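The chain contents come next:
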Amino acid sequence: MIKRLIFAVSMLCVSHAGNADTPPLILTGKLSSSNVQTVTAPRTDRWQIQLQWMIEEGSVVSPGDVIAVFDSGSVDTQLEQNEDNLATQQLSLKTEKMTLDQAVRDAEAALNIADLEVEKARIEASIQTNDISDYDKGQYKLALERALVEQFKAQQALQQKQSERTTSLEKAQIEITKLEETIEYQRYLLTRLQVKASISGVVSHMYHPWNNEKITAGTTLRAAMKVLEVQDTSGFNIDAWVHEIDADRIQVGQQASITLDAYPQTQFSAKVASIVSQPEKKSGWGDSAYYQLQLAFSALPQQKLLPGMSVRVVFPSEEIAHAN
């Protein structure tokens, strides 16, 4: 990794009598892959998480290879408890459903009996004959009224049992659904706690943002901290950093001469593809801020390239003058 930025040979163009030439701007950079998988510390119910294991830096991996494992102790325990709880609640729901269904069937049977009693009482009360005394006729009408009351009560009881069944089953199902969603999320967390490569490439370990040391197994991290990268070796860009004083001398599209430290006798050409709009301070580089540039090779070198190789970037005087 590049830890230090080589400043421009001359920071700004200063006009002097007899020398109005703009000096070239020299930066250092590194090779980076055009296709990168970045692994970050996952977000869990804790504010930090420990990295238990990570693959050795420089390893070449293929899709599906395990490249990092985070501590899953609490998630495993909670998942096991929730799965047991889910099985218990599902069994309880079946039992409760049988009980509630039986209560509804009993209420339906009671209503059927009440309907028959009403029908019987209605038939007796409708008999028109002189063989029955007025007293008996009055008793029949009173029996019909009582049967109608009992029928109404049976109807109300059935509606209540049906409502209780619907409400109770819905509440139980909601709790089960919530638990199922929690389990699904915890299972998803476990897949993130054991990270697999999604591309083929070379592994690079990241630097801890607080102490600027390489992250290793056993490091405790906060969520979203970068842990490692898998960089595809089939295509490369160049990352470089320019001091904030010289940032206005660089524009997208400018040409630069490139020299790889690994192949110092060969020069390549590249063009500025993008410039980060916000500068950042680099640990160990002083108090100044730097803008990150990304350059694209005009033609990819035939030499063997690896992510992280050091690069010397030179913007010729005419390019600097053109930018200004």
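Located above this text is the structure these notes cover.
The rules behind these values
- Residues numbered from 1 in each chain as written.
- Predicted model: local features only at pLDDT ≥ 70, side-chain atom pairs only at ≥ 80, totals over all residues.
- Heavy atoms only, no water.
- Pairing = 2+ DSSP bridges.
- Helix = DSSP H or I, 4+ residues; strand = E, 2+ residues; numbered from the N terminus.
- Core = buried A, V, L, I, M, F, W, Y, C linked by side-chain atoms within 4.5 Å.
- Buried < 20%, exposed > 50% of the residue type's maximum accessible area, 1.4 Å probe, protein only.
- Contact = heavy atoms within 4.5 Å.
- Salt bridge = Lys/Arg side-chain N within 4 Å of Asp/Glu carboxyl O.

Can you walk me through the sheet that holds strand 4 (residues 60–61) in this structure?
Pairing between the strands of a sheet is mediated by backbone hydrogen bonds and can be parallel or antiparallel. Spatial strand order, 2-9-7-4: four strands in an open sheet with antiparallel pairing. Single-partner strands in this sheet number two, and they are strand 2 (36–40) and strand 4. By the bridge criterion, four bridges tie strand 7 (residues 201–205) to strand 9 (residues 226–231) in an arrangement that is antiparallel. Residue pairing in the sheet places His205 in a bridge with Leu228 of strand 9.

Help me out: how do you make sense of the nonpolar core in this one?
Counting residues in each nonpolar core, the largest one holds 25 residues, and the members touching the most others are Leu31, Ile238, Ile250, Ile258, Leu295, Val313 and Phe315. Elements supplying a minimum of two residues to this core: strand 1 (25–33), strand 10 (236–243), strand 11 (255–260), strand 12 (263–275), strand 14 (289–297) and strand 15 (310–315). When residues no more than four places from it in sequence are discounted, the contact partners of Phe315 are Pro24, Leu25, Leu27, Ile250, Gln254, Gln255, Ala256, Val272, Leu293, Leu295 and Ile320. Counting 23 residues, the second largest nonpolar core, distinct from the first, contains Met54, Leu193, Leu221 and Met225.

Explain the pattern of salt bridges to me, please; I cannot follow it from the model alone.
Summed over the entire model, instances satisfying the criterion amount to nine salt bridges. Between Lys97 and Asp101 there is a salt bridge, with its nearest N and O atoms 2.9 Å apart. Here the residue Lys97 and the residue Asp101 both occupy positions in helix 1 (residues 73–125), the gap between them amounting to four residues, near one helical turn. The class for Lys97 is partly exposed, based on a relative accessible area of 40%. The exposure class assigned to Asp101 is buried, which follows from its relative accessible area of 14%. Glu175 is the partner of Lys178 in a salt bridge, and the nearest nitrogen-oxygen pair spans 3.9 Å. Taken together, the residues span about one helical turn, with Lys178 and Glu175 both in helix 2 (residues 134–193) at a distance of three residues. Since its relative accessible area comes to 46%, Lys178 is described here as partly exposed.

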